[in-house]
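The chain contents come next:
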Amino acid sequence: MTPAKRLAVITGGNSGIGLAIARRLLSLNSEFRVVLACRNQVKGKAARDELLMTYPQAQVDLVELDTSSVASVERAAIALRAISSDGTISLLFCNAGSMAIDSLDIFGIVSGLLSHPIAFFESSEALRQKRGLVTADGMGETFQTNVFGHYLLIARLTEAMAGGGRVIWTGSAASQLQFKASDYQHVWGDKPYESSKYIVDQIAIPLDQRLRPFGVLCLVAEPGNVCTNFLAGLGLPFFEYLVVGVFYFIRFVLGIARFTINADSGAEGCCYAALADEECVDSRIKYHSQVTRTGKAYVGQFPLAHNKDTAGFLMGRLDGLVKRFDEPNHEK
């Protein structure tokens, strides 16, 4: 009897880092069965077809998941538990994310280039993000998409991952800008994306401690500066090409290791966190995708910036939201 394949679930698996992770798993290890959990099913099917063209013997499933919707997360969790009924979910990549870009921030561009040019290119200061976005569930849109939707999914799948599973969050280096406990969902702040990634950094260690008794690890990886589809919302394709060109030039001249630029290099940290032996990974470490001047990818390991009090506050808020949607009168 052929043993069941290890199941790897990738949220946002239809493009960018998520699709690169899927390619890497299928290329390195035929024992994986990959599930692309994504919102856009048309793009998801195209991604699955692309993977099967390259790996015709692979098992690639498609599950609809919109992490900005509690109802969608609940339906996806049911579907994923059904798919994993003959085994466990080995890997859950919490990768889906959004940055609601409003426009370019001309003042931020000029100020950043003049005062701290290197750090500027490592940040999102050039982009003005939308404020006041709230989902149908009453949460900050970016917060729910990038954080709570995954947090709820983990809660619903913990038993399915028990006995050797791993949760790998896609983090960000630009993750400490303007976080405020009074507006922890960052509905009214200027940097909701960065705030959401800051939350990921804070909750990773206590979440790992909670999951360990189930035999599940929780880790964070950071893809570096990757030119994925975040800029598409600007409707300025020339600007996208310009950014890519500038990144390549600066990386070659200055050797900035975090300028991974393409998704395959950006996925290096996530894949290391997923595939390295258990004794080689630690929830207190953030696994950074990095590259040489010429683009050879490798993984840098750095302590995860963590504040115990902030983490406790955020875990309490997130647990409260989970409990709210556990109420019997909540329509799932």
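Above: the structure in question.
Here is what the cut-offs are and how they apply
Residues numbered from 1 in each chain as written. Predicted model: local features only at pLDDT ≥ 70, side-chain atom pairs only at ≥ 80, totals over all residues. Heavy atoms only, no water. Helix = DSSP H or I, 4+ residues; strand = E, 2+ residues; numbered from the N terminus. Buried < 20%, exposed > 50% of the residue type's maximum accessible area, 1.4 Å probe, protein only. Salt bridge = Lys/Arg side-chain N within 4 Å of Asp/Glu carboxyl O. Core = buried A, V, L, I, M, F, W, Y, C linked by side-chain atoms within 4.5 Å. Contact = heavy atoms within 4.5 Å. Polar contact = N/O pair within 3.5 Å; in protein donor to acceptor, adjacent residues only side chain to side chain. Disulfide = S-S within 2.5 Å. Axes fitted to C-alpha atoms, helices over the stretch in contact; angles between N-to-C directions. Parallel < 35°, antiparallel > 145°, perpendicular 65-115°, else oblique. Left-handed = near helix turned anticlockwise from the far one by under 90°. Nonpolar A, V, L, I, M, F, W, Y, C, P; charged D, E, K, R; others polar.

Asker: Looking at this model, I keep getting lost on the environment of I106. Mind explaining?
Answerer: Secondary-structure assignment places I106 in helix 4 (residues 106-115). The class of I106 is exposed, set by a relative accessible area of 54%. Separated by 21 residues in sequence, I106 and L127 place their C-alpha atoms 8.5 Å apart.

Asker: Teacher, can you tell me more about the pattern of salt bridges here?
Answerer: Two side chains bearing opposite charge may form a pair once their charged atoms approach each other closely. Applying the stated criterion across every chain, the model contains 15 salt bridges. A salt bridge links R156 to E74, with the shortest nitrogen-to-oxygen separation between them at 2.9 Å. Residue R156 is found in helix 6 (residues 141-161), and its partner E74 is found in helix 3 (residues 70-83); the two are separated by 82 residues along the sequence. Like E74, R156 is buried.

Asker: Teacher, can you tell me more about the nonpolar core here?
Answerer: For soluble globular proteins, the rule of thumb is that nonpolar side chains tend to be buried together. Core analysis: the biggest nonpolar cluster contains 48 residues, and F143, F148, I154, V167, W169 and I203 have the highest contact counts within it. Those residues within four positions of V167 in sequence are excluded, and the remaining contacts are L92, C94, I154, M161, L211, V216, L217, C218 and L219. Counting 33 residues, the second-largest nonpolar core is a separate cluster that includes A58, L217, A267 and V281.

Asker: Please clarify how the environment of N40 should be interpreted in this entry.
Answerer: Here N40 lies in the loop between strand 2 (32-38) and helix 2 (41-54). Residues N40 and G12, 28 residues apart in the sequence, show an inter-C-alpha distance of 9.0 Å. Separated by 3.0 Å, the side chain of N40 and the backbone nitrogen of V42 make a polar contact.

Asker: When you look at the state of the cysteines in this model, what are you seeing that I'm missing?
Answerer: This structure, assessed with the given rule, holds zero disulfides. C270 supplies the cysteine sulfur nearest to C271, a cysteine that is in no disulfide, at a spacing of 6.7 Å.

Asker: Got a minute to help me understand the packing of helix 6 against helix 11 (residues 308-326) in this structure?
Answerer: A pair of packed helices can be characterised by two numbers: the angle between their axes and the separation between those axes. Remark: helix 6 packs on helix 11, axes separated minimally by 11 Å, with the N-to-C direction vectors making an angle of 65°. Judged by the angle between their axes, helix 6 and helix 11 are roughly perpendicular. Helix 11 is crossed by helix 6, and the crossing has right-handed handedness. Between helix 6, through F143, V147, F148, Y151, L152 and R156, and helix 11, the contact on the second element is made entirely by M315, L318, D319, L321, V322, F325 and D326. Partitioning the contact of helix 6 with helix 11 into residue classes produces 10 nonpolar, no polar and three charged.

Asker: Where do I start with helix 10 (residues 268-275) in this structure?
Answerer: Since there are 3.6 residues in each turn of an α-helix, residues three or four apart along the chain are aligned in direction. Taken across its eight residues, helix 10 has six buried, putting it largely inside the fold. Buried within helix 10 are the following residues: E268, G269, C270, C271, A273 and A274.

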